[in-house]
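For reference, the chains in residue letters:
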Protein chains: 2
Amino acid sequence: MSVSIKDVARAAGVSTSTVSRALGKGPVSAEVLRRVESAVAATGYRPNLAARQLRSQRSMAVGLIVADIRNPFFTQLSRAVEDAAYAAGMRVLLCNTDEDPAREAMYLELMAEERVSGLIMTPTRHLSPAALARVDRPVVLVDRAMPETDFDSVVLDNARASAELVDHLVASGRRRIAGLFGSTSATGMERRAEVEAALERHGLPVRSALSLPSFDAGHAALAELLEREMPDALILSNGLFVRAALKLCHERRIAIPGQLAIAGFDDEVWTDLVDPGITVIRQPVEDFGREAMQALLARIGSAKMRPRRVVLAGELIVRGSTAPA
Amino acid sequence: MSVSIKDVARAAGVSTSTVSRALGKGPVSAEVLRRVESAVAATGYRPNLAARQLRSQRSMAVGLIVADIRNPFFTQLSRAVEDAAYAAGMRVLLCNTDEDPAREAMYLELMAEERVSGLIMTPTRHLSPAALARVDRPVVLVDRAMPETDFDSVVLDNARASAELVDHLVASGRRRIAGLFGSTSATGMERRAEVEAALERHGLPVRSALSLPSFDAGHAALAELLEREMPDALILSNGLFVRAALKLCHERRIAIPGQLAIAGFDDEVWTDLVDPGITVIRQPVEDFGREAMQALLARIGSAKMRPRRVVLAGELIVRGSTAPA
DNA sequence: CATGTCACTGCAAACGTTTCCAGTTTCTGG
DNA sequence: CCAGAAACTGGAAACGTTTGCAGTGACATG
């Protein structure tokens, strides 16, 4: 049988209320505090978090809903969120949606049942603001914002990053630039729009495709893209696509950067191990996580703040994959 | 104000017990079930998991304690565990120890407070069986076993994998084989012992070093190792070390496989993107997670089973990094 | 017809906390 | 020395469920 606060109270010769206050931050005499502490040690008492949550109506847990933890971007993000959460005395409930709106809805429901005190998520493009509001808890969106809504968010400066990529490719002599973008997220859409805008500013033709954000889907989409009309540069909107592009080039014996330049988002660990290294926009993922958690805690603290939108700059890292042909 | 089972009961014109049974699996008439369901829909009722857990003394959550989720091995593992857990109607609490025994102890304590119904973990070498037993909950060890104890475990067949690596390197003409192994885990120790045993069977000298399992520590240890006496082949006990070795070779302009062959554990996504590809032992990580969850559920079901030890075979994937010089 | 079984239902007691309230003591300032 | 505030303490009522127990009919069995 598990030892409860009652046993501690008996052992310390005080009431349960007093034990509760001694363990929390209520006012107790030094003498009682000492007795309670040694009673806790003697009995091996461990607070029951469920009882605590039920009574106090606070959960000390936050939800984190991402597409797939195996995507290094989300891996890093989750680690950063977790560190920040545990530092604030909170636990994290992690869920993977696999970009499936049905799973996303299910997990939102679960988070509501868990009565998490807040939620950090990267929504799919198909999530309705209404569904999100139904969760009725503070929410911070990371990486992917929902346009026209009032949720706090932490995102990359996609306009600037996209322009930097395009400008860099143009400077390296590329003129037939194609792009592949994730179809399930607002971010994919945004990057496509920004890349297209940048291309138009240079008076260059616009060639872009969409794909589900998975290695296989990206690989297939790229195969088709290269089939139609061979570009001389490729912009990939996430790390999975970059990897798929590189793999495809190996298979087809396409020379990088000779025949094709490659550049994209996300600086995964291997981008400087391959030859040539890959030119990428490095996203400050750790900062995403930290900022998101910070924003969430602030929102939990005071529900009525104006919605806050944090925009972080990426960093263009130039490597061999985009050297002049 | 949140809607409780009482509101549903009132709306459906039945008692709370009946609602509880209708939602669970108690016997209820079809008529009542219908009324309860529509009452749930009408009121927007969501069960309060804390109350449920408090009353039923079951938590529907399992803990997962790993070294660092950013290590792709643990990323994959956690995803597999989560899928299996959610399929079984359980939630997962994830913790990163960073190989720090103090953090490990802290999270064990947390898991006990959460009253998780079970625990899956990759223990550090410094965790005492006694401390683990104090958690007083079913535990399954993954990837890293604790010798001489009675915990369920799911591990790789390290003896066979190590022998395969050594045999392969010897077959490719290597004679001065060195190894780097993780110092914090039982698995690192085991792989070292097995590699050394295999080398001795070939009558070859034994050259092995230990390092904290991080990229930087591995990189430094390898630099020192190559300094002392240049080997013609390197065995790395995990993916981080493989990456560090490759990076070091790039920096030092060491030709692979010409001057140095490289082989190791963990088939990370980039191992076939670099040139030459890296020869590795692929671990069935998804199976690790699935098996672990399955073992845990079995153990939760019946506490008194004989401890079970699942040993899975790795797969040697030969690539260019170990071609004859 | 009597009896037992079965399916269903409600009452009320937990589960382990926190927190409101009221009470006692001690301190503080005038 | 007194009044009031402040510090500390215990009693008891929640928080939202599940579940043991007992009760009600309906129905089958002998």
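Structure: above.
Because the structure is a prediction, the values reported are computed rather than measured. (Residues numbered from 1 in each chain as written. Chains lettered and ligands numbered in written order. Predicted model: local features only at pLDDT ≥ 70, side-chain atom pairs only at ≥ 80, totals over all residues. Heavy atoms only, no water.)

### Notes on the pattern of salt bridges
When the charged atoms of two side chains with opposite charge come close together, those side chains can pair.
Consideration 1: Scanning the entire structure with this criterion turns up 43 salt bridges over all chains.
Consideration 2: A salt bridge links A:Arg79 to B:Asp68; the nearest nitrogen and oxygen atoms lie 2.9 Å apart. Of this pair, A:Arg79 sits in helix H5 (residues 72–87) while B:Asp68 sits in the loop between strand S1 (61–66) and helix H5 (72–87), each in a different chain.
Consideration 3: For A:Arg79, a relative accessible area of 2% puts it in the buried group. (Salt bridge = Lys/Arg side-chain N within 4 Å of Asp/Glu carboxyl O. Helix = DSSP H or I, 4+ residues; strand = E, 2+ residues; numbered from the N terminus. Buried < 20%, exposed > 50% of the residue type's maximum accessible area, 1.4 Å probe, protein only.)

### Focus on the side chain of A:Thr124
Residues and elements named next belong to chain A.
Consideration 1: Along the chain, the position of threonine 124 falls in the loop between strand S3 (118–121) and helix H7 (129–134).
Consideration 2: The exposure class assigned to threonine 124 is buried, which follows from its relative accessible area of 3%.
Consideration 3: At a separation of 2.8 Å, a polar atom in the side chain of threonine 124 contacts the side chain of glutamate 104.
Consideration 4: Excluding residues within four positions of it along the chain, threonine 124 makes contact with Glu99, Pro101, Glu104, Arg144 and Thr184. (Polar contact = N/O pair within 3.5 Å; in protein donor to acceptor, adjacent residues only side chain to side chain. Contact = heavy atoms within 4.5 Å.)

### Observations regarding the sheet that holds strand S8 (residues 233–236) of chain A
Think of a sheet as strands paired side by side through backbone hydrogen bonds, with each pair either parallel or antiparallel.
All names here are of chain A.
Consideration 1: The six strands are arranged S7-S6-S8-S9-S10-S12 in an open sheet whose pairing can be described as mixed. The open sheet has two edge strands, strand S7 (207–211) and strand S12 (315–317), and neither has a second partner. Ignoring strand direction, the axes of neighbouring strands in this sheet form an average angle of 15 degrees.
Consideration 2: Note: strand S9 (residues 261–265) against strand S10 (residues 279–282), three bridges, orientation parallel. Paired with phenylalanine 265 across the bridge in S10 is isoleucine 281.
Consideration 3: Sheet contacts for helix H8 (residues 158–171): strand S6 (177–182), S8, S9, S10 and S12; angle to S9, the most-contacted strand, approximately 170 degrees.
Consideration 4: Lying over the sheet, helix H9 (residues 186–201) contacts S6, S7, S8 and S9, oriented at roughly 165 degrees with respect to S6. (Pairing = 2+ DSSP bridges. Axes fitted to C-alpha atoms, helices over the stretch in contact; angles between N-to-C directions.)

### Observations regarding the packing of helix H4 (residues 49–56) of chain A against helix H4 (residues 49–56) of chain B
Consideration 1: Closest axis-to-axis distance for the H4(A)/H4(B) pair is 8 Å, and the angle between their directions is 135 degrees. The orientation of H4(A) with respect to H4(B), classified from their angle, is oblique. The handedness of the crossing between H4(A) and H4(B) comes out as left-handed. Listed contacts from H4(B) to A:Ala50, A:Ala51, A:Gln53 and A:Leu54 of H4(A) are B:Ala50, B:Ala51, B:Gln53 and B:Leu54.
Consideration 2: Per-class residue counts for the contact of H4(A) with H4(B) are six nonpolar, two polar and no charged. (Parallel < 35°, antiparallel > 145°, perpendicular 65-115°, else oblique. Left-handed = near helix turned anticlockwise from the far one by under 90°. Nonpolar A, V, L, I, M, F, W, Y, C, P; charged D, E, K, R; others polar.)

### Points about the relation of the copies chain A and chain B
Consideration 1: For the pair chain A and chain B, the relating rotation is 180 degrees, the translation along its axis is 0.1 Å, and the fit reaches an RMSD of 0.1 Å. As the rotation angle and translation indicate, the two copies are arranged about a two-fold axis.
Consideration 2: Most of the interface of chain A is mirrored in chain B, where 100% of its interface residues are also at the interface. (Least-squares fit on C-alpha atoms with pLDDT ≥ 70 in both.)

### A word on the protein's contact with DNA strand C
Consideration 1: The full set close to DNA strand C counts 25 residues, and A:Ile5, A:Ser20, A:Arg55, B:Thr18 and B:Val32 are the nearest of them.
Consideration 2: Close to the protein, within 4 Å, the atoms of DNA strand C belong to sugar or phosphate groups at a rate of 57%.
Consideration 3: Measuring from a phosphate oxygen of DNA strand C, one finds a side-chain N or O atom of A:Arg52 at 2.9 Å.
Consideration 4: B:Gln57 is positioned with one of its side-chain polar atoms (N or O) 3.4 Å from a sugar or linking oxygen of DNA strand C.
Consideration 5: Within the residue set of the surface near DNA strand C, elements represented by two or more residues are helix H2 (16–23) and H4 of chain A together with helix H2 (16–23) and H4 of chain B. (Near = heavy atom within 4 Å.)

### Details of the pairing of S9(A)
All names here are of chain A.
Consideration 1: Counted residue by residue, S9 has five buried out of five residues, so it is predominantly covered.
Consideration 2: Residues Ala261, Ala263 and Phe265 point to one face of S9 and Ile262 and Gly264 to the other, with burial holding for every one of them.
Consideration 3: The pairing of S8 with S9 spans four bridges and is classified as parallel. Bridge pairing links leucine 234 to isoleucine 262 in S9.
Consideration 4: Handedness of the crossover joining S8 and S9 through helix H11 (residues 239–252): right-handed. (Right-handed = clockwise from strand over helix to strand, strands pointing away.)

### Some words on the environment of B:Ala22
Residues and elements named next belong to chain B.
Consideration 1: Tracing the chain through its elements places alanine 22 in helix H2.
Consideration 2: A relative accessible area of 12% means that alanine 22 is categorised as buried.
Consideration 3: Taking the C-alpha atoms as reference points, alanine 22 and valine 36, 14 residues apart in sequence, are found 7.1 Å from one another.
Consideration 4: Beyond its immediate sequence surroundings of up to four residues, alanine 22 is in contact with Val28, Leu33 and Val36.

Everything listed is a geometric property; what it means functionally is a separate question.
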